[in-house]
Amino acid sequence: MSHLLHGQQQSSLRSIREQLQNRYGRIRDEHRLDPVSQFVRCFIGSRTHDLTSWNAFLRLMIRFRDWDAIADAAVAEIEAELKDVTYPEKKAPDLQLALQKIRVRAGAINLDFLEDFAEEPALIWLEQIHGVGPKIAAATLNFSTLRKRCFVIDSHVLRVLQRFGFVDPKAGFKDAYRAIMAAAEGFDADGLYELHWHLKNLGQYLCTKQEAFCGDCPLSEICMKRIEGPAWFPRPAA
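Structural notes, computed from the coordinates. In this text, all values refer to a predicted model and were calculated from it rather than measured experimentally. (Residues numbered from 1 in each chain as written. Predicted model: local features only at pLDDT ≥ 70, side-chain atom pairs only at ≥ 80, totals over all residues. Heavy atoms only, no water.)

Across its full length, the chain carries 12 helices and zero strands. Secondary structure of the chain in N-to-C order comes out as α-α-α-α-α-α-α-α-α-α-α-α. For 238 residues, the compact-globule formula gives about 18 Å, and the C-alpha radius of gyration of the chain, at 19 Å, lands near that figure. Taking the principal axes of its C-alpha atoms as reference, the chain extends roughly 55 × 45 × 30 Å. Residues classed as buried in the chain amount to 48% of the 238 residues present. A separation threshold of at least 6 residues defines the contact pool for the chain, and within that pool the share at least 24 residues apart is 63%. Element-wise, carbon and sulfur atoms account for 53% of the exposed surface of the chain, whose accessible area totals about 11,900 Å². Here the chain contributes 31 positively and 31 negatively charged side chains, and the mean placements of these two sets differ by 4 Å. (Helix = DSSP H or I, 4+ residues; strand = E, 2+ residues; numbered from the N terminus. Rg over C-alpha atoms; globule rule 2.2 N^0.38 Å. Buried < 20%, exposed > 50% of the residue type's maximum accessible area, 1.4 Å probe, protein only. Contact = heavy atoms within 4.5 Å. Areas by Shrake-Rupley, 256 points an atom, 1.4 Å probe, with all protein chains shown as cover. Lys, Arg positive; Asp, Glu negative; His and termini not counted. Charge placed at Lys NZ, Arg CZ, Asp CG, Glu CD.)

Our focus in this paragraph is the side chain of E81. Mapping E81 onto the fold places it in helix α5 (residues 75-81). When its relative accessible area of 16% is taken as the criterion, E81 is described as buried.

Considered as a void within the structure, the largest pocket measures approximately 1,100 Å³ in volume. Lining the largest pocket are 38 residues; nearest its centre among them are C42, G45, S46, R47 and K135. Counting residues per element, the ones that place at least two in the lining of the largest pocket are α2 (35-45), α3 (50-63), α6 (88-106), α8 (134-143), α9 (155-164) and α11 (189-205). For the lining of the largest pocket, a count of residues per class yields 15 nonpolar, 12 polar and 11 charged. For the second largest pocket, the calculated volume is near 220 Å³. Of all the elements in the fold, those that place two or more residues in the lining of the second largest pocket are α7 (119-127), α8 and α10 (173-183). In terms of residue class, the lining of the second largest pocket is built from eight nonpolar, no polar and five charged. (1 Å grid on protein atoms, 1.4 Å probe; cavity = no way out; pocket = protein on both sides within 12 Å on 5 of 7 lines; lining within 4 Å. Points joined across faces, edges and corners; volume = space filled by probe spheres on them. Nonpolar A, V, L, I, M, F, W, Y, C, P; charged D, E, K, R; others polar.)

Time to look at the nonpolar core. Of all hydrophobic cores here, the largest spans 72 residues; its most connected members are F39, L126 and F151. Filtering out sequence-adjacent residues up to four positions away, F151 remains in contact with A138, V157, Y177, I180, M181, L192, L195, H196 and L199. (Core = buried A, V, L, I, M, F, W, Y, C linked by side-chain atoms within 4.5 Å.)

For the rest of this paragraph, the subject is the side chain of D94. Relative to the helices and strands, D94 is located in helix α6. Judged by relative accessible area, D94 falls into the buried class, the value being 12%. One polar contact links D94 to H130, side chain to side chain, over a distance of 3.0 Å. Excluding its chain neighbours within four sequence positions, the residues that come into contact with D94 are F43 and H130. (Polar contact = N/O pair within 3.5 Å; in protein donor to acceptor, adjacent residues only side chain to side chain.)

Glancing now at unusual backbone geometry. Within the chain, R47 stands out as a residue other than glycine whose phi angle is a positive 55°. Even without glycine at this site, Y87 takes up a positive phi of about 55°. One can find Y87 in the loop between α5 and α6. With a relative accessible area of 44%, Y87 lands in the partly exposed category.

As structure tokens, then:
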């Protein structure tokens, strides 16, 4: 649970958004994938660089004529197209099972019907699919053409939220998600999309797992952990 009160979190989140927009500008993406494509893209992209997972996704699109073909293919054929991503031997059978589960539950490998769902039931529906956690579910809903009001939390975003003091240092993904959504009044789906990518980029390049480049961080003046004391942060190697 966050150590900030709800009202403080709302003010804190608005401050985060303002500081990041001032430094990096606005982020909008009008070229979105359909829900199943986004689902597959997220499914194979965990713990893998974006360029690598995009290339694997495109290979799948070229190799197989449609999602049913992947659901019915030999697992070795799927794994061959995922050879560059992390854990292809696990992701190939898991992806196939996930697509099969969608087909059984929805009658076809199509997620467009989730447009008629409220955000929470849509998240629950997706998380009941084999191999799907909060990140894949939220990304499918927010990043795709569904454009639902969900927030995607990956390890980079969670680390920044913990260090900033928005959530407790031991908070997990679901705790952080609840905290963000409770404080995100005034944020629409595009605003949450933008916030995710600003925080992810911050975690990838400035507030990394190994090093924290506080002097270059646009949030340094309002960062709770920096205020508490510099000894908390990992330091860049000399």
